[in-house]
Amino acid sequence: MGHRRNVTRLFAAVACGTVIGGGAFGVLAHAQQPAEHSGLTALSGIRVGHHTLTDRPTGCTVVVIESGAVAAVDVRGGAPGTRETALLDPRNTVQEIHGLVFAGGSAFGLAAADGVMRYLAERNVGFRTSAARVPIVPAAILYDLGIGSDPTIYPTADCGYRAATVASEAPIAEGSVGAGTGATVGKVGGSARAMKGGIGTAAFELPGGVLVAALMAVNAVGDIVDPEDGTLVAGVRTVDGRGLADARRVLYEDAPPDPPAGENTTIGVVATNVRLSKAELAVVARMAHDGFARAIRPSHTPSDGDTIFAVSTGDLPNEVGVLKIGARAADATVAAILRGVRTATSLPGYPSVRDMHGGVR
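Now for a quick tour of the structure. (Residues numbered from 1 in each chain as written. Predicted model: local features only at pLDDT ≥ 70, side-chain atom pairs only at ≥ 80, totals over all residues. Heavy atoms only, no water.)

Our next topic: the overall build of the protein. In terms of regular secondary structure, the protein is built from seven helices and 20 strands. When the 361 residues of the protein are sorted by exposure, 59% land in the buried category. Look at the contacts in the protein between residues 6 or more apart in sequence, and 78% of them connect residues 24 or more apart. Surface accessibility of the protein: about 13,400 Å² in total, with carbon and sulfur atoms responsible for 53%. (Helix = DSSP H or I, 4+ residues; strand = E, 2+ residues; numbered from the N terminus. Buried < 20%, exposed > 50% of the residue type's maximum accessible area, 1.4 Å probe, protein only. Contact = heavy atoms within 4.5 Å. Areas by Shrake-Rupley, 256 points an atom, 1.4 Å probe, with all protein chains shown as cover.)

Looking now at the environment of arginine 354. Tracing the sequence through the fold places arginine 354 in helix α7 (residues 353–357). The sequence separation of arginine 354 and alanine 344 amounts to 10 residues, and the corresponding C-alpha distance is 7.3 Å. Reaching out from arginine 354, the side chain makes a polar contact with the backbone oxygen of alanine 344 at a distance of 3.4 Å. (Polar contact = N/O pair within 3.5 Å; in protein donor to acceptor, adjacent residues only side chain to side chain.)

Relative orientation of the contacting elements helix α2 (residues 112–122) and helix α3 (residues 157–166) amounts to 50°, with a least axis distance of 6 Å. Taken together, the axes of α2 and α3 are oblique relative to one another. As α2 packs across α3, the resulting crossing turns out to be right-handed. On α3, the residues that touch Ala112, Asp114, Gly115, Val116, Arg118, Tyr119 and Glu122 of α2 are Ala157, Gly160, Tyr161, Ala164 and Thr165. (Axes fitted to C-alpha atoms, helices over the stretch in contact; angles between N-to-C directions. Parallel < 35°, antiparallel > 145°, perpendicular 65-115°, else oblique. Left-handed = near helix turned anticlockwise from the far one by under 90°.)

In strand β16 (residues 223–226), alternate side chains face the same way, and those of Asp223 and Val225 on one face and Ile224 and Asp226 on the other are all buried. Taken together, the three bridges between β16 and strand β17 (residues 231–234) define a ladder with antiparallel strand orientation. By the bridge assignment, valine 225 is partnered in β17 with leucine 232. Between β16 and β17, which pair antiparallel one after the other, the connecting turn spans four residues, and glycine 230 there sits at a positive phi close to 80°. (Pairing = 2+ DSSP bridges.)

Turning to the packing of helix α5 (residues 278–295) against helix α6 (residues 322–342), a few remarks are in order. Packed helices, taken two at a time, are described by their axes: the angle between them and the distance between them. Running from N to C, α5 and α6 cross one another at 40°; their axes reach a closest spacing of 7 Å. Considering the angle they form, α5 stands oblique to α6. Here α5 runs over α6; the crossing is right-handed. Note on element contacts: α6 touches α5 through Val322, Leu323, Ile325, Gly326, Ala327, Ala329, Ala330, Asp331, Thr333, Val334 and Ile337, opposite Glu280, Val283, Val284, Met287, Ala288, Asp290, Gly291, Phe292, Arg294 and Ala295. Tallied by class, the residues present in the contact of α5 with α6 amount to 14 nonpolar, three polar and four charged. (Nonpolar A, V, L, I, M, F, W, Y, C, P; charged D, E, K, R; others polar.)

Looking now at the pattern of salt bridges. Taken as a whole and judged by the stated rule, the model has 14 salt bridges. Close ionic contact of arginine 47 with glutamate 66 constitutes a salt bridge, the shortest N to O distance being 2.5 Å. With arginine 47 in strand β4 (residues 47–53) and glutamate 66 in strand β5 (residues 58–75), this residue pair connects regions lying 19 residues apart in the sequence. A residue is classified by how much of its surface remains accessible, and arginine 47, at 18% relative accessible area, is buried. What emerges from the salt-bridge pattern is a single network uniting Arg118, Glu122 and Arg123. (Salt bridge = Lys/Arg side-chain N within 4 Å of Asp/Glu carboxyl O.)

Next up on the list: α5. Compared with an ideal rise of 1.5 Å per residue, which puts 18 residues at 26 Å, α5 spans 26 Å between its outermost C-alpha atoms and is within 8% of the ideal. If you check which residues of α5 are buried, you get Lys278, Leu281, Ala282, Val284, Ala285, Met287, Ala288, His289, Gly291, Phe292 and Ala295. (Expected span 1.5 Å × (residues − 1).)

As a further point, take the sheet that holds strand β19 (residues 296–297). Strand order in the open sheet formed by three strands is β17-β16-β19, with antiparallel pairing between adjacent strands. A single partner strand is all that each edge strand has here, and the edge strands are β17 and β19. Direction of pairing for β16 relative to β19: antiparallel, over a ladder of two bridges. Pairing of aspartate 223 across the sheet is with arginine 297, part of β19. Sheet strands in contact with α6 are β16, β17 and β19, and its direction is about 120° off that of β16.

A separate point is the packing of aromatic side chains. Considering all chains together, one arrives at three aromatic pairs under this definition. A ring pair is formed by tyrosine 119 and tyrosine 161, whose centres lie 6.1 Å apart and whose planes are at 75°; its orientation type is edge-to-face. Placement of tyrosine 119 in helix α2 and of tyrosine 161 in helix α3 is noted, with a sequence separation of 42 residues between them. Side by side, tyrosine 119 and tyrosine 161 carry an identical accessibility label, which is buried. In this arrangement the basic side chain of arginine 118 is found over the ring face of tyrosine 161, its NZ or CZ atom lying 3.7 Å from the centre. When the ring centre of tyrosine 119 is taken as reference, the NZ or CZ atom of arginine 123 above it lies at 3.7 Å. (Phe/Tyr/Trp six-rings, centres within 6.5 Å; stacked < 30°, edge-to-face > 60°. Lys NZ or Arg CZ within 6 Å of the ring centre and 35° of its normal.)

Spelled out as structure tokens, the structure:
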């Protein structure tokens, strides 16, 4: 609790609650923020770790919840890559998860979840069966195989294990780390006009100590937009590479080739410390997708596999209501997406927001 109190003091309060570690709205829209901040780890019991591969820019990000947490998922877009999502259906038996994995490497990257399962099994964490405890670790992946020169390099079970080993409640590194390492955005105009994506996190505190947080790995086919003022933040560059072209104009007027299906995707998790059921969390996940629609243009396309998990640590009784939590989850999703691209660093051929517009705002 001390960690959360100290973090909260660092940031200004707004009318609807305190923004913890980053803001996308109102007076905080252009405030300078640290490269690392709490975001998702503001919630007690949630640890986050990255493993980054440098031989080819890719990696994975692991969320560890050893005490277990109720979870749901909402998958949209035409090209998802996921694991263990069916059990999150409110009609199904298993009620809690023990971790989440977000990885590059396309479907190959789903293997990273095996390493997280091994890490948790070594600690006797998991769903109790008659023979053993089975860790429940859903996962989602993004496509980054075209980044770098060797598509045979992708996150493995060992990567997931290493990420789980270093997972902590400390402030979360953002940008070009973990699942955000090879992420790119703005591919409507082709890879030659794209920009660097990344991973970002944000959290809001509501009255009574209610927390709503998000962690997002941003690898969208479209533009990233600040919905507060409509500013294009990252995305399809102009032909000369010096500015942003607006994905809508490129899509509607320039007749670009259709981007390859399944080679994009924004994935992530929203979380709260309010006690919610799987059915209620399914609503929260659905509402959090509003954040995609606000900040990613276009979103939920045939080329994206947009996926949002929703998690409840259950520390507080539900005296807030699903509507308010879901609305804040969408806000946190927007803030995390913006931070993901604003904190990223460039790769050859993929300039970052830092390079084009002067860094994190």
